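# Close look at the chain arrangement
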Amino acid sequence: MSNKPRQQIAQRKAGAPRHFLLVDAHNIIFARPDLAALHRRNPAAARERLVRVLERHQDASHSRVVVVFDGGTAPKASSELSGAAGVQVIYPRSGQTADAIIEQLVVKYAGVHRLTVATGDSLIRTAAVAAGASTIDAEALFDDIARAEKDLEAALGRLRRRR
C-alpha cells in the first residue's frame, strides 16, 4: 500500500512546491515502438494517444503535466488544455523547436517548482539537471505511469471495499 497520494495532498496543503512533469513529446513517441509505429501511419493519432495516456497519468499521480510537441507552424507559440483532465499541450511557433521551449520552461520554473523532464535528449537532460530539475527517459516515464495507475486502482479498490 502506497502513501504517496496522502503525502502529495499533505505537501499541497503545507504549501510545498507542486510537481510538474514536462514531456518532450516527439522524443517520447519515437522512443516507444508502439507510438513510433502509429506515428508513421498517423502522426496525429500518435500525438493524441500520448496525450490521453498523460491525462490518465496526471489524474493518477497528481502531477501537473505539460507536453511540448515539435512542428508548430503558427507565428506565435500556442498552448491549449486537453480534454477534461487539463494536460497542457504546447506547440512552438514557426522556426522554434520543442527543445527551445522546454529549456525556457526549465530555466524559468525549476527553481520554483519540483520539475521532472521526460526526454531521452542528452542536451535537454543536461540543461534540466543544471537548472535543478530531475529527468527521466521514456522507459522510466512509462514505468511511473504504470505504477501510478496501479496505485490509483488499489486506492479505488480500498474505497469500494469500505462501502
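Above this text is the structure in question.
Model, not experiment: these values are computed from the prediction. (Residues numbered from 1 in each chain as written. Predicted model: local features only at pLDDT ≥ 70, side-chain atom pairs only at ≥ 80, totals over all residues. Heavy atoms only, no water.)

Turning next to the overall build of the protein. Assigned secondary structure in the protein consists of seven helices and six strands. Seen in sequence order, the protein has helices and strands lined up from the N terminus as α-β-α-α-α-β-β-β-α-β-α-β-α. Split into buried and exposed, the 163 residues of the protein put 38% on the buried side. Taking as baseline every contact in the protein between residues at least 6 positions apart, the subset at least 24 positions apart corresponds to 51%. With an accessible surface of roughly 9,300 Å², the protein has 52% of that area assigned to carbon and sulfur atoms. (Helix = DSSP H or I, 4+ residues; strand = E, 2+ residues; numbered from the N terminus. Buried < 20%, exposed > 50% of the residue type's maximum accessible area, 1.4 Å probe, protein only. Contact = heavy atoms within 4.5 Å. Areas by Shrake-Rupley, 256 points an atom, 1.4 Å probe, with all protein chains shown as cover.)

Judged by side-chain polarity, Leu152, Leu156 and Leu159 come together as a nonpolar surface patch covering roughly 210 Å² of accessible area. As for its placement among the helices and strands, Leu159 is situated in helix H7 (residues 138-162). A relative accessible area of 43% means that Leu159 is categorised as partly exposed. (Patch = residues over 30% accessible without salt bridge, like charges linked within 9 Å, V, L, I, M, F, W, Y side chains within 5 Å. Salt bridge = Lys/Arg side-chain N within 4 Å of Asp/Glu carboxyl O.)

Before going further, it helps to examine the packing of helix H3 (residues 33-41) against helix H4 (residues 43-61). Between H3 and H4, the least distance of the axes is 5 Å, while the angle of their chain directions is 145°. Contacts between H3 and H4 involve Leu35, Leu38, His39 and Arg41 on the former and, on the latter, Pro43, Ala45, Ala46, Arg49 and Leu50. Considering only residue class, the contact of H3 with H4 consists of six nonpolar, one polar and two charged. (Axes fitted to C-alpha atoms, helices over the stretch in contact; angles between N-to-C directions. Nonpolar A, V, L, I, M, F, W, Y, C, P; charged D, E, K, R; others polar.)

Turning to the packing of helix H5 (residues 98-109) against helix H6 (residues 122-131), a few remarks are in order. Relative to each other, H5 and H6 sit at 10°, their axes nearing to 9 Å. Between H5 and H6, the angle falls in the class roughly parallel. Residue-level contacts link Asp99, Ile102, Glu103 and Val106 of H5 to Ile124, Ala127, Ala128 and Ala131 of H6. Tallied by class, the residues present in the contact of H5 with H6 amount to six nonpolar, no polar and two charged. (Parallel < 35°, antiparallel > 145°, perpendicular 65-115°, else oblique.)

In total, this model carries one aromatic pair according to the counting rule given. An angle of 15° between the planes, with centres 5.4 Å apart, marks the rings of Phe69 and Tyr91 as stacked. Here Phe69, found in the loop between strand E2 (64-68) and strand E3 (78-82), pairs with Tyr91, found in strand E4 (residues 87-91); they are 22 residues apart in sequence, far enough to count as distant. Of the residues examined, Tyr91 reaches a relative accessible area of 23% and is grouped as partly exposed. A cation over an aromatic ring shows up here: Arg32 above the ring of Phe142, its NZ or CZ 3.9 Å from the ring centre. (Phe/Tyr/Trp six-rings, centres within 6.5 Å; stacked < 30°, edge-to-face > 60°. Lys NZ or Arg CZ within 6 Å of the ring centre and 35° of its normal.)

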